[in-house]
Amino acid sequence: MSSESLEAVRNVGYETPSPIQAAFIPVAVKGGDVIGQARTGTGKTAAFTLPLLEQIDFSTAYPQAIVLVPTRELCEQVAQECRRLSSNRPCRTAVIVGGRPLRDQIHDLERGVHVVIGTPGRVIDLISRRVLHLDRVKVVVLDEADRMLDIGFRPDIEKILRRCPAERQTMLLSATVPPPVERLAQRYMRNPDNIDLSSDGVAVDTIDQYYVTVDDDRKFGALVRILQLERPNQVLVFTRTKRGSDKLYHRFARKLGNVAMMHGDLQQSVRERTLQKFRDGKLRMLIATDVVGRGIDVSTVSHIINYDIPEYHDDYVHRVGRTGRLSSSEKGVAITLVTKEQGELLTAIEMRINKMLPEYDLRGFEAFRAGPARKHVEPQRQVTHEIDFPEFSDLSVA
């Protein structure tokens, strides 16, 4: 890397590269196509940002790199990292996302930028308006590629890639590489190097993972009991639907003042304020859907609770990656609520991460109304009460 990049790394305070950074950066700085596979929270953003900055000519301001991401929140996080790692360079970035004034984004592009960071839909919009030109792009980054395909961005991504010069560097980063991502890489990348650090599944060393078997109509009570036992520093609760997030939030909001929710129907300004409050530690619990879950990069999240087990095992990988982050010194905890009818989904998750999950002991709570005796397994992690979270102590499950 250049002396400018090394200086920026020192200024940011990075001392030792993470495994994905150590493996990915030396390959990517050579300018060839690269696929990087590693779980979220392992430093993938810096891994592609530093090589990207090495390719840019800062003497002239036109789009030379474009980073595509699935959510607006993740756009902001990538832009922030790009600014931090280019603070000693005259790098101009533009965040191109929906839910924000189009006029401001057009102005940013017209004044000249080096790096465009955006969601595929808004990028296509600005290309069609002939405001964003990609004919001189040197680097394309597809971040969280699997999630972008999951939520239907493949046609837009392909349109964007076809607008970029054939002679370019393409970097694809993802926590998982399912067949649709493989097909995209085969079609639009040239003999990419493959950096795969996901063979051991989800970071077992940094996350304690459990499941809870519970009747569907007792899930809320089970969640409350978990909160009472664990007293999390910050907890992120995932639901499968926006309606589920709304319903769960309103049940808690009646008794807790530091809880919020995030899903795709909320205005972008509301989502940004909520996420900032979560980052600032003003919220102890955030209820979210997968659509926005990818953009939540908060190192202080101690617990992930899957109130609704994900339908796809790769979504589990992304969800639990919100805790046990790279910058956190303590283990994260991930607990998944599972009904009797969802055993196959749990099995699929265990096969994906190559690990059998122990059952969490909901002592003091009856998870079933009737039926055979439930097998209890004492969790490997001791429940502590060092973190003061008194709100959950008196919380009723009614």
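Here's a quick rundown of the structure. (Residues numbered from 1 in each chain as written. Predicted model: local features only at pLDDT ≥ 70, side-chain atom pairs only at ≥ 80, totals over all residues. Heavy atoms only, no water.)

### Thoughts on the pairing of strand E6 (residues 169-174)
Burial within E6 is extensive, with six of its six residues counted as buried. A two-sided burial pattern is seen for E6, the buried positions comprising Gln169, Met171 and Leu173 on one face and Thr170, Leu172 and Ser174 on the other. In this sheet, E6 lies alongside strand E1 (residues 34-37) in parallel orientation, the contact comprising four bridges. Looking at the pairing, glycine 36 lines up with leucine 173 of E6. When strand E5 (residues 139-143) meets E6, the two strands line up parallel, connected through five bridges. Counterpart to aspartate 143 in the pairing with E6 is leucine 173. (Buried < 20%, exposed > 50% of the residue type's maximum accessible area, 1.4 Å probe, protein only. Helix = DSSP H or I, 4+ residues; strand = E, 2+ residues; numbered from the N terminus. Pairing = 2+ DSSP bridges.)

### A word on the sheet that holds strand E3 (residues 93-96)
With respect to topology, seven strands assemble into an open sheet ordered E3-E4-E2-E5-E6-E1-E7, the strand pairing being parallel. Of all strands in the sheet, those with a lone pairing partner are E3 and strand E7 (193-196), marking the two edges. Within this sheet the neighbouring strands show an average axis-to-axis angle of 15°, counted without direction. The sheet contact formed by E1 and E7 spans four bridges and is parallel. Paired with valine 34 across the strands is aspartate 193, a residue of E7. The strands touched by helix H6 (residues 120-128) are strand E2 (65-68), E3 and strand E4 (115-118); relative to E3, the strand with the most contacts, the crossing angle is about 105°. (Axes fitted to C-alpha atoms, helices over the stretch in contact; angles between N-to-C directions. Contact = heavy atoms within 4.5 Å.)

### Here we look at the pattern of salt bridges
Across all of its chains, the model carries 17 salt bridges by this definition. Lysine 219 serves as the salt-bridge partner of aspartate 308, at 2.7 Å between the closest nitrogen and oxygen. Here lysine 219 lies in helix H10 (residues 219-230) and aspartate 308 lies in the loop between strand E12 (303-306) and helix H14 (313-320), a separation of 89 residues in the sequence. The pair aspartate 308 / lysine 219 is uniform in exposure class, with both members buried. For aspartate 265, the salt bridge identified is with lysine 242, shortest N-O distance 3.1 Å. Residue aspartate 265 is located in the loop between strand E10 (259-262) and helix H12 (268-279), and its partner lysine 242 is located in helix H11 (residues 242-253); the two are separated by 23 residues in the primary sequence. Looking at aspartate 265, the relative accessible area reads 55%, which means it is exposed. (Salt bridge = Lys/Arg side-chain N within 4 Å of Asp/Glu carboxyl O.)

### Quick notes on the packing of aromatic side chains
In the structure shown here, the tally under the stated rule is two aromatic pairs. Pairing tyrosine 210 with tyrosine 360 gives two aromatic rings, centres 5.7 Å apart and planes at 65°, and the pair type is edge-to-face. Residue tyrosine 210 is located in strand E8 (residues 207-213), and its partner tyrosine 360 is located in the segment after helix H15 (343-353); the two are separated by 150 residues in the primary sequence. The same class applies to tyrosine 210 and to tyrosine 360, which are both buried. Look at phenylalanine 220 and phenylalanine 252: their rings are 5.0 Å apart centre to centre, the planes differ by 50°, and that puts the pair in the tilted class. (Phe/Tyr/Trp six-rings, centres within 6.5 Å; stacked < 30°, edge-to-face > 60°.)

### Concerning the packing of helix H5 (residues 102-111) against H6
For any two helices packed against each other, one specifies the inter-axial angle together with the distance between the axes. Taken N-terminus to C-terminus, the directions of H5 and H6 make an angle of 65°; their axes are 12 Å apart at the nearest point. With respect to their mutual orientation, H5 and H6 come out roughly perpendicular. Our pair here, H5 against H6, has a crossing hand that is right-handed. Judged by residue contacts, Leu102, Gln105, Ile106 and Leu109 of H5 engage Arg122, Asp125 and Leu126 from H6. Across the contact of H5 with H6, the residue classes break down as four nonpolar, one polar and two charged. (Parallel < 35°, antiparallel > 145°, perpendicular 65-115°, else oblique. Left-handed = near helix turned anticlockwise from the far one by under 90°. Nonpolar A, V, L, I, M, F, W, Y, C, P; charged D, E, K, R; others polar.)

### Observations concerning helix H1 (residues 3-12)
Considered for burial, the residues of H1 that qualify are Ser5, Ala8 and Val9. Relative to the axis of H1, the buried residues are bounded by an arc of 100° and lie together on one face. Residues of H1 that are exposed and angled more than 90 degrees away from the buried face: Ser3, Arg10 and Asn11. Positioned one or two residues after H1, glycine 13 has a phi angle of 105°, which is positive. (Arc of directions from axis to C-beta.)

### Concerning the nonpolar core
Phe24, Leu52, Val67, Val115 and Met171 are the most contacted members of the largest nonpolar core, which has 34 residues in total. Those elements that place two or more of their residues in this core are helix H2 (19-28), helix H3 (44-54), E2, helix H4 (72-85), E4, E5 and E6. Once you skip the residues sitting within four places of it in the chain, leucine 52 turns out to touch Ala65, Val67, Val115, Val139, Val141 and Met171. Membership of the second largest hydrophobic core comes to 33 residues, among which are Leu109, Ile127, Phe153 and Leu184. (Core = buried A, V, L, I, M, F, W, Y, C linked by side-chain atoms within 4.5 Å.)

### Here's the deal with the pairing of E8
Among the seven residues of E8, seven are classified as buried, and the element is accordingly described as predominantly covered. By the alternation rule, side chains of E8 split into Ile207, Gln209, Tyr211 and Thr213 and Asp208, Tyr210 and Val212, which are all buried. Looking at chain direction, E8 and strand E13 (residues 332-338) are connected through seven bridges and run parallel. Bridged to valine 212 within E13 is leucine 337.

### Some words on H6
Since the α-helix packs 3.6 residues into each turn, any two residues three or four apart lie on the same face. Looking at H6, one finds that the buried residues are Pro120, Arg122, Val123, Ile124, Leu126 and Ile127. Each element contacted by the buried residues of H6 is listed here: E2, E3, H5, E4, helix H7 (145-150) and helix H8 (154-163). Downstream of H6 by a residue or two, arginine 130 has a phi angle that is positive, lying close to 60°.

### Some details on the environment of glutamine 342
Mapping glutamine 342 onto the fold places it in the loop between E13 and H15. Residue glutamine 342 is classed as buried on the basis of its relative accessible area, which comes to 17%. Sequence separation between glutamine 342 and glutamate 311 is 31 residues; the distance between their C-alpha atoms is 9.4 Å. Once residues lying within four places of it in the same chain are set aside, the contact partners of glutamine 342 are Arg240, Ile309 and Leu337.

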